[in-house]
There are 4 protein chains.
Amino acid sequence: MKTTAPKRTAILLAHCPDQQGIIANVTDFLHSNKGNIISLEQHVDGEQNHFFMRVEWELDGFLIPKEKVEEFFKTLIADRYQMHWELHFSDQPTRMAIFVSKMSHCLYDILQRWASKEWGTEKPIIVSNHTNLEYIAKRFDIPFYHFPITKENKIEQEQKMLKLLDEQGIDLIVLARYMQIVTDTLIGTYRNRIINIHHSFLPAFIGAKPYHQAYRRGVKVIGATSHFVTAELDAGPIIEQDVVKISHRESIKDLIRKGKDVEKLVLSRAIWLMLNRRILAYQNRTVVFD
Amino acid sequence: MKTTAPKRTAILLAHCPDQQGIIANVTDFLHSNKGNIISLEQHVDGEQNHFFMRVEWELDGFLIPKEKVEEFFKTLIADRYQMHWELHFSDQPTRMAIFVSKMSHCLYDILQRWASKEWGTEKPIIVSNHTNLEYIAKRFDIPFYHFPITKENKIEQEQKMLKLLDEQGIDLIVLARYMQIVTDTLIGTYRNRIINIHHSFLPAFIGAKPYHQAYRRGVKVIGATSHFVTAELDAGPIIEQDVVKISHRESIKDLIRKGKDVEKLVLSRAIWLMLNRRILAYQNRTVVFD
Amino acid sequence: MKTTAPKRTAILLAHCPDQQGIIANVTDFLHSNKGNIISLEQHVDGEQNHFFMRVEWELDGFLIPKEKVEEFFKTLIADRYQMHWELHFSDQPTRMAIFVSKMSHCLYDILQRWASKEWGTEKPIIVSNHTNLEYIAKRFDIPFYHFPITKENKIEQEQKMLKLLDEQGIDLIVLARYMQIVTDTLIGTYRNRIINIHHSFLPAFIGAKPYHQAYRRGVKVIGATSHFVTAELDAGPIIEQDVVKISHRESIKDLIRKGKDVEKLVLSRAIWLMLNRRILAYQNRTVVFD
Amino acid sequence: MKTTAPKRTAILLAHCPDQQGIIANVTDFLHSNKGNIISLEQHVDGEQNHFFMRVEWELDGFLIPKEKVEEFFKTLIADRYQMHWELHFSDQPTRMAIFVSKMSHCLYDILQRWASKEWGTEKPIIVSNHTNLEYIAKRFDIPFYHFPITKENKIEQEQKMLKLLDEQGIDLIVLARYMQIVTDTLIGTYRNRIINIHHSFLPAFIGAKPYHQAYRRGVKVIGATSHFVTAELDAGPIIEQDVVKISHRESIKDLIRKGKDVEKLVLSRAIWLMLNRRILAYQNRTVVFD
């Protein structure tokens, strides 16, 4: 493990209808401009005949200036293949808003990683419909924004949230056991940039109280699912899932206790994948280059 | 690992409304009659206030003769606590019928365990609605019974099956990827003695083609569930579940291939639990003393 | 999940050479004194012919007063069977000292559980040979004791630690990635009450830098092990182990990152088992009643 | 899942010191000759500065005739980058020899996959130092070769084996719980083409009776490891590992029973990876493109 500074890189995520020559053209574009490829992954969905790729290359030595990469790539490659694509730079870290309600396990797990520099992200902000966890924000010296929500004020409050998120330059929203359904406006504005953690292995036990549902069904494994938020409840593209075995000995309280450990890891793994630009969503599925 | 012959034992499985003194009375009943307890497990369902136990003791030295144990236990203990209970003897092994259709992975897994004496069971019989796997029965020198099933003859054929199962003294039916829904008559006759393997982590993906369903939902884990068969499809008490991680790289064909490995292990584990009298079903849940 | 106060209980952990009648006598002792058994687990080690048990019963209604239970049990049961045994009461929670050095992931995981009342323990104390994590103690308003350690002062410093631990009434020491080998004096004083987390699946990769060792060996799983600390390094009775799959894609840095998640969960699970009096150590193995 | 015949493809596995432009040149070589890339994976070992790749492309439409691909690739690409490389064609399936002794679980698992066409391989041959499993060969109508081995005849017998393997055109040897150490001659002749299954998670419990070792150490997980065979016992490059949780309740006999299930799956997964040309070994580690 070298302690030298990480190299400045560009990361391209792209997908398009499959055809011959895409990789050859992309790698030639990078190589002929002296871009050293750090990693390249591709995937072809054989059912949909659709092509996906992630490529990361060093900016140092790359002949195209950073501010021109987007324009050149668009003209020379992307338009030609009708690509959907995103370009990211490793020196522009993601700015994250963590939405919480009353449970602290996911929040602490996220903040510990931020505080110990595991993720290399900037200081996040916390948004909540309750004040229960405000003391944690204070402990970590993190801005905390309280938006109490009622049936009456929901739309109005979310407008204020949107304004805040925009002002703060937020590009990733993490629902860390946020016990409110977010509106289509928020979802539309942050398309494929809102990650939720659901406390079951979806599609089992959609909706409220999944551990109670799991207990009553008598399952022998419980799980958690991180997914992008879409208009339909708990139905967005799944990023990561994991499970833990249980037995008849476990009460509902035990399921909740054991499940929390799965939830926090599955959510943090999904965030890590987002921060490292490893996820492409397509037709309610994800391609995760891990 | 000693190579001495296993001891002859009696195994009691019982459940009843919880109250004080059950364990004390059962263990006193065994101890005062010089029954050496090999293992004892108990469970109290705190929600239902219901008591479950499994106790195994040596028959050699036990003062009550084997053929009288049932009567004595009933009179002295079971009636007093309104117990539901079963008594088994280790020298009376389970006789098993394996129901199959066209896929061989579960069948081979079961037969290998029988043939290598992993389970200590008698020779099973195979029942099928097709003849595709008859050659495997021949290879293992196992009786194979073919009952072709159509909409018209289903009830009639199942009557013949029931007759066969009765004549053969079958007390455990294993649906090893048997692609027919069995009727309520069979289910009623073999209540909590028919085990099915479903190729998903239930309750997700009930019914047909669960791997196709899983692929389309874009899940990141797939699984298998062994459960007792009840009148409602894929809704009986769950015995065992396990999962395997998948990624976007896996096609439906890969899911089927990977899933088969989970299916065969999850089914064989459930059979092992049944053979060792470790399962109690109660209100659509199981207590598994493993 | 009822919100009523948990019942006051007594928990007995005991082991002794196996013989007939132990369970019958223990349960009769409890039942005849109107002790309602909440749970009872037993285990017989067939190789060693050794008996283990854990039994928990309600104190309310129990005819023997709490302060007399120990004496009565000793005289009537324990002495008769040459038992090694411990008696605990649920209203006397464990007091825990957390030993740390520079890494925060295990510490945060523990403190979050304490702070969110997942464990129902009292406020712990933190002991460290460095001051790097003192700020976390401050954030959580927890006493932090700094004992800088050099070759020269090690024995002297540990004497001061022992004095502190005694004054604070500590009965569980958790080495949460504490990068010092503790002396035999501390180990002797807190026999089977010091839990360590080692960042490999022991007995593989004993000693320093296990992730580096794992990387060089090219393993496809890495893991973590919580165990009681004994005089021999990383060789004490194992409480809990878990693993995570890795691939060639992971660098040593990735192993460290992924491993941390396993470490913190495996350590916290071991602590939970200790707090709930579910572990018996015997001849370098553990019996874990979970 | 389409039922059309699989496409005829070429698969290239290659590794070499890392440098700019390799992917660009390889993909350009394929693209300019109208080779449609089915999948491409690459890996850079940052510590060793070494490059690995696997690329699979369709032969139909490829302008270079199948029998010339090797020569052209060598001249135009491989020599330029000092590559170590292998070229395989999907219509030339692997021929496999399965070495066994007395245990049948791995053998059955392999044969079931062959018989059900899961793998698309040709009929394998079985080699054994005992005759215990000859009846299985007969059941599956597979050639069985018996080479009884003593200290005295070991070298002589292995010479005969080598002759047989050569005559049969074997290119993959699977040690499916073969209880003999193979000699350096065999290892040298089939370098990185002999797969062994060891019944522990290596490097823990090298050598004989790993389950007994595991039991005595009191571990809470057991595992299995498939690896290439090298001159040093149980020390070759690891292909695949998996584990299963155990508890104090399991005897050595139980460990053996549960371990067998892990062994057979871990071995069969390694074989599948070999058959699909997904493994590159380098400096005692493997790169597994799965």
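Counting restarts for each chain, with residues numbered from 1 along the sequence as it is written. Each chain takes a letter, starting from A, and each ligand takes a number, starting from 1, following the order in which they are written. Reporting in this predicted model follows two pLDDT cut-offs: at least 70 for local features of residues, and 80 or more for side-chain atom pairs to be given and counted; totals over whole chains, interfaces and linings ignore these cut-offs and use all residues. Side-chain numbers here rest on the full set of heavy atoms in the structure, without hydrogens or water.

Trainee: So what about the overall build of chain A? Which residues, and what values?
Mentor: Regarding its fold elements, chain A presents eight helices and 13 strands. Our radius of gyration is a C-alpha quantity, and the globule rule it is checked against amounts to 2.2 Å times the number of residues to the power 0.38. Taken against the 2.2 N^0.38 rule, which gives 19 Å for 290 residues, the C-alpha radius of gyration of chain A at 21 Å falls within 12% of a compact globule. With the C-alpha coordinates aligned to their principal axes, the bounding extent of chain A is approximately 60 × 45 × 40 Å. Here chain A holds 290 residues, and 62% of them are scored as buried. Contact criterion: two residues are considered in contact whenever any of their non-hydrogen atoms come within 4.5 Å of each other. Of the contacts made within chain A by residues no fewer than 6 positions apart, 65% connect residues no fewer than 24 positions apart. Here the open area of atoms and residues is found with the Shrake-Rupley method and a 1.4 Å probe, where only the protein chains shown may cover a residue. When the accessible surface of chain A is split by element, carbon and sulfur atoms take 50% of a total near 11,800 Å². Within chain A, one finds 38 positive and 35 negative side-chain charges whose respective centroids are separated by 7 Å. The secondary structure listing takes helices from DSSP runs of H or I that are at least 4 residues long and strands from runs of E that are at least 2 residues long, numbered from the N terminus. Burial classes follow relative accessibility: with a 1.4 Å probe on protein chains only, a residue under 20% of its type's maximum area counts as buried, one over 50% as exposed, and anything between as partly exposed. Charge counting treats Lys and Arg as positive and Asp and Glu as negative, with His and both chain ends excluded. Working definition for charges: the position is that of NZ of Lys, CZ of Arg, CG of Asp or CD of Glu.

Trainee: I'd like to hear about the interface of chain A and chain B, residue by residue, with values.
Mentor: Facing 36 residues of chain A, the contacting portion of chain B comprises 36 residues. When two parts are brought into contact, each loses some accessible area as probed by a 1.4 Å sphere; the total of that loss over both is the buried area. Between chain A and chain B the total buried area reaches about 3,000 Å² when both faces are included, carbon and sulfur atoms providing 50% of it. A salt bridge links B:Lys245 to A:Glu240, with the shortest nitrogen-to-oxygen separation between them at 3.3 Å. We define a polar contact as two N or O atoms separated by no more than 3.5 Å, with the added condition that, inside protein, one atom must be a possible hydrogen donor and the other a possible acceptor, whereas residues neighbouring each other in sequence contribute only through side-chain atom pairs. Where chain A touches chain B, the interface holds 22 residue pairs in polar contact (both at pLDDT 80 or more). Here the element with the most residues in the side of chain A that touches chain B is strand 11 (residues 238–245) of chain A; it accounts for seven residues. Under the scheme applied, nonpolar residues are Ala, Val, Leu, Ile, Met, Phe, Trp, Tyr, Cys and Pro; charged residues are Asp, Glu, Lys and Arg; polar residues are all the others, including Gly. Looking at the side of chain A that touches chain B residue by residue, the classes come out as 16 nonpolar, seven polar and 13 charged. Take a side-chain nitrogen of Lys or Arg and a carboxyl oxygen of Asp or Glu: if they are within 4 Å of each other, that pair is a salt bridge.

Trainee: Pulling in residues and values, what's your account of the domain arrangement of chain A?
Mentor: For the domain bounds, the source is a domain assignment made automatically or taken from a database. Per the domain assignment, the segments making up chain A are domain 1 (9–89) and domain 2 (96–276). The C-alpha centroid of domain 2 of chain A is placed 32 Å from the C-alpha centroid of domain 1 of chain A.

Trainee: How would you sum up the relation of the copies chain A and chain B? Please name residues and give values.
Mentor: Taken as rigid bodies, chain A and chain B are interconverted by a rotation of 180° and an axial shift of 0.0 Å, the fit giving an RMSD of 0.0 Å. Within this description, the copies of the chain are treated as partners about a two-fold rotation axis. The rotation axis passes nearest to the C-alpha of A:Ala204 in chain A, at a distance of 2.4 Å. Both copies contact each other with a shared surface, as 100% of the interface residues of chain A are interface residues in chain B too. Least-squares superposition of the copies uses the C-alpha atoms of those residues scoring a pLDDT of at least 70 in each of them.

Trainee: Can you tell me about the interface of chain D and chain A, naming the residues and giving the values?
Mentor: Each partner contributes to the interface: chain D provides 22 residues, whereas chain A provides 22 residues. Carbon and sulfur atoms supply 48% of the area buried between chain D and chain A, which totals about 1,500 Å² over both sides. On inspection of chain D and its partner chain A, the count reaches zero salt bridges. Taken together, chain D and chain A are joined by one residue pair in polar contact (both at pLDDT 80 or more). A breakdown of the residues in the side of chain D that touches chain A according to their chemical character gives seven nonpolar, ten polar and five charged.

Trainee: Just give me the short version of the relation of the copies chain D and chain A, but keep the residues and values in it.
Mentor: The transformation that overlays chain D on chain A combines an axial shift of 0.0 Å with a rotation of 180°, and the residual RMSD is 0.0 Å. A shared interface surface links the copies, since 100% of the contact residues of chain D are contact residues in chain A too.

Trainee: An account of the environment of A:Ile239 is requested, with residue identities and associated values reported.
Mentor: With respect to the helices, strands and loops of the structure, A:Ile239 is situated in strand 11. Using a relative accessible area of 1% as the deciding quantity, one classes A:Ile239 as buried. A sequence separation of 46 residues divides A:Ile239 from A:Arg285, and the C-alpha atoms of the two residues are 8.2 Å apart. Sequence-distant contacts of A:Ile239, that is, excluding residues within four places in its chain, are made with A:Ile195, A:Ser226, A:His227, A:Phe228, A:Ala270, A:Leu273, A:Ile279, A:Thr286, A:Val288 and B:Lys220.

Trainee: A description of the packing of aromatic side chains should follow, citing residues and the corresponding values.
Mentor: Any pair of Phe, Tyr and Trp rings, taking the six-membered ring for Trp, is counted once the centres come within 6.5 Å. Such a pair is stacked with planes under 30 degrees apart, edge-to-face with planes over 60 apart, and tilted for the rest. With the rule as written, the count across this model stands at 38 aromatic pairs over all chains. Look at B:Phe52 and B:Tyr282: their rings are 5.4 Å apart centre to centre, the planes differ by 75°, and that puts the pair in the edge-to-face class. Highlighted residues: B:Phe52 in strand 3 (residues 50–58) and B:Tyr282 in strand 12 (residues 279–282), separated in sequence by 230 residues. Under the relative-accessibility criterion, B:Phe52 is labelled buried at 1%. Among the aromatic residues, those joined into a cluster by ring pairs are A:Phe29, A:Trp57, A:Phe62, A:Phe73 and A:Trp85. Only when the NZ of Lys or the CZ of Arg is both within 6 Å of the ring centre and within 35 degrees of the ring normal is a charge said to sit over the ring. The ring of C:Phe140 is capped by A:Arg139, whose NZ or CZ atom sits 4.4 Å from the centre of that ring. Above the ring of C:Trp272, the side-chain terminus of A:Arg257 is found at 3.7 Å from the ring centroid.

Trainee: So, the pattern of salt bridges: which residues are in play, and what are the values?
Mentor: Pairing between side chains of opposite charge can happen when their charged atoms approach one another. A full pass over the atoms with the stated rule returns 90 salt bridges over all chains. For the salt bridge of C:Asp261 with A:Arg113, the shortest nitrogen-to-oxygen distance reads 2.9 Å. Placement of the pair is C:Asp261 in helix 8 (residues 252–275) and A:Arg113 in helix 3 (residues 105–115), with the two residues belonging to separate chains. Of the residues examined, C:Asp261 reaches a relative accessible area of 11% and is grouped as buried. A:Arg113 gets classed as buried once you look at its relative accessible area, which sits at 3%. D:Lys74 serves as the salt-bridge partner of D:Asp79, at 3.1 Å between the closest nitrogen and oxygen. With relative accessibility at 42%, the residue D:Asp79 sits in the partly exposed group. One connected set of salt bridges, linked through shared partners, spans A:Asp109, A:Arg113, A:Glu118, C:Asp261 and C:Lys264.

Trainee: So what about the pairing of strand 1 (residues 9–17) of chain C? Which residues, and what values?
Mentor: Consecutive residues of a regular strand have side chains that alternate between opposite faces of the sheet. Residue and element names in this part refer to chain C. The buried fraction of strand 1 amounts to eight of the nine residues, a majority that puts the element mostly inside the structure. For two strands to be treated as a pair, DSSP must find no fewer than two bridges joining them. When strand 1 meets strand 3 (residues 50–58), the two strands line up antiparallel, connected through nine bridges. Residue pairing across strands places Ile11 opposite Glu56, the latter belonging to strand 3.

Trainee: So, the packing of helix 3 (residues 105–115) of chain C against helix 8 of chain C: which residues are in play, and what are the values?
Mentor: Residues and elements named next belong to chain C. Note on geometry: axes are lines fitted to C-alpha atoms, helical ones only across the stretch in contact, with angles between N-to-C directions running from 0 to 180 degrees. For the pair helix 3 and helix 8, the least separation of the axes is 9 Å and the interaxial angle reads 45°. For the element pair helix 3 / helix 8, the angle class is oblique. Handedness of the crossing formed by helix 3 with helix 8: right-handed. Residues His105, Cys106, Asp109, Ile110 and Arg113 of helix 3 pack against Lys260, Glu263, Lys264, Leu265, Leu267, Ser268 and Ile271 of helix 8. Broken down by class, the residue content of the contact of helix 3 with helix 8 amounts to five nonpolar, two polar and five charged. Reported orientations rely on four angle classes, namely roughly parallel under 35 degrees, roughly antiparallel over 145, roughly perpendicular from 65 to 115, and oblique for the rest. By definition, any crossing whose near helix is turned counterclockwise from its far helix by less than a right angle is left-handed, and any crossing with a clockwise turn is right-handed.

Trainee: Can you break down the sheet that holds strand 6 (residues 125–128) of chain A residue by residue, with the values?
Mentor: Residues and elements named next belong to chain A. Taken in spatial order, the seven strands line up as 7-6-5-8-9-10-11 in an open sheet, and their pairing is mixed. Edge strands, defined here as strands with exactly one partner in the open sheet, are strand 7 (144–146) and strand 11. Neighbour-to-neighbour, the strand axes of the sheet open up by a mean angle of 20°, direction not taken into account. Of the strand pairs in this sheet, strand 8 (residues 172–175) and strand 9 (residues 194–198) are connected by three bridges, and their pairing is parallel. If you follow Val174 over to strand 9, its bridge partner there is Ile195. Along the sheet face, helix 3 touches strand 5 (96–100), strand 6, strand 8 and strand 9 and points at about 160° away from the line of strand 5.

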